[in-house]
Amino acid sequence: MNRFLNKIRVLHIKRKYRIGNFKNARVASSYHFSFYDSKRTIGKNIIIDNNVKISCIRKTSNDAELIIGNYVYINSGVLINYSKKILIGDNCFIGPNVSIFDFNHGLKNRNELISEEVKIGNNVWIGASAIILAGVTIGDNVTVGAGSVVTKSFPDNVIICGNPAKIIKAAN
């Protein structure tokens, strides 16, 4: 996977930006970041492609946290909204138009915000247009099929897909 990420790094993004503590990130020209007072830890050598939106939805909460590991590629059109905590491990590839949320709204009171951490392990590949919902833990070395809706947690070394996502086989 590292060779693949290196090829993408060379082909798509030529400029290096320093945005806050995005010291070692390569960020494409069009993006939207709204961190407010949230904590964020960004690893080295990450790539953020065009039209990516990363935002903390709680303007007054400083307990929200975003952690992105080393050597992560975030493809175009990705949406990451957080109010509690999202952790993305090392060597992850997030395909185009993926959405990751760590919150949901209450059924009776739509103004109520229910937040649960999202943890994405190391060496995870999330296919195009997948949706990762609140409270999910995705183990290491997991492949998430394109268009999957991940509503529950999964162990290490599996391939998952579907709506809702389920294990289709163990990864070798």
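Structure shown above.
In what follows, the accompanying structure is described.

The rules behind each value
Residues numbered from 1 in each chain as written. Predicted model: local features only at pLDDT ≥ 70, side-chain atom pairs only at ≥ 80, totals over all residues. Heavy atoms only, no water. Helix = DSSP H or I, 4+ residues; strand = E, 2+ residues; numbered from the N terminus. Buried < 20%, exposed > 50% of the residue type's maximum accessible area, 1.4 Å probe, protein only. Contact = heavy atoms within 4.5 Å. Areas by Shrake-Rupley, 256 points an atom, 1.4 Å probe, with all protein chains shown as cover. Salt bridge = Lys/Arg side-chain N within 4 Å of Asp/Glu carboxyl O. Pairing = 2+ DSSP bridges. Phe/Tyr/Trp six-rings, centres within 6.5 Å; stacked < 30°, edge-to-face > 60°.

Turning next to the overall build of the protein chain. Scanning the protein chain from terminus to terminus reveals one helix and 22 strands. Here the protein chain holds 172 residues, and the buried ones make up 44% of them. Restricting to contacts in the protein chain with at least 6 residues of sequence separation, those with at least 24 account for 33%. When the accessible surface of the protein chain is totalled, it reaches about 8900 Å², and 48% of it is carbon and sulfur.

On to the pattern of salt bridges, then. Inspection of every chain in the model, using the stated rule, returns one salt bridge. Between Lys-119 and Glu-117 there is a salt bridge; the shortest N-O distance is 3.7 Å. For Lys-119, a relative accessible area of 35% translates into the label partly exposed.

Reading across from one edge, S3-S6-S9-S12-S17-S20 is the order of the six strands in this open sheet, with parallel pairing throughout. Both outer strands of the open sheet, strand S3 (31-34) and strand S20 (149-150), are each paired with one neighbouring strand and no more. Inspection of the sheet shows strand S6 (residues 52-56) paired to strand S9 (residues 79-82) by four bridges, in the parallel sense. From the neighbouring strand, Cys-56 faces S9, where its bridge partner is Tyr-82.

Time to look at the packing of aromatic side chains. In the structure shown here, the tally under the stated rule is three aromatic pairs. Relative to Phe-93, the ring of Tyr-73 lies with its centre 5.2 Å away and its plane at 25°, an arrangement referred to as stacked. With a gap of 20 residues between them, Tyr-73 in strand S8 (residues 73-74) and Phe-93 in strand S11 (residues 93-94) connect regions that are remote in the sequence. Residue Phe-93 is classed as buried on the basis of its relative accessible area, which comes to 9%. Every member of this aromatic cluster is reached through a ring pair, and the members are Tyr-73, Phe-93 and Trp-125.

Among the structural elements, Asn-75 can be located in the loop between S8 and S9. Leaving out residues up to four positions away in the same chain, Asn-75 has contacts with Asp-49, Val-52, Phe-93, Ile-94, Gly-95 and Pro-96.

Moving on to the sheet that holds strand S18 (residues 137-138). If you walk across this open sheet you meet the five strands as S4-S7-S10-S15-S18, and the pairing is parallel. Here the strands that pair on one side only, and so sit at the sheet edges, are strand S4 (39-42) and S18. Here strand S7 (residues 65-68) pairs with strand S10 (residues 85-88) via four bridges, running parallel. Directly across from Glu-65, in S10, lies its bridge partner Lys-85.

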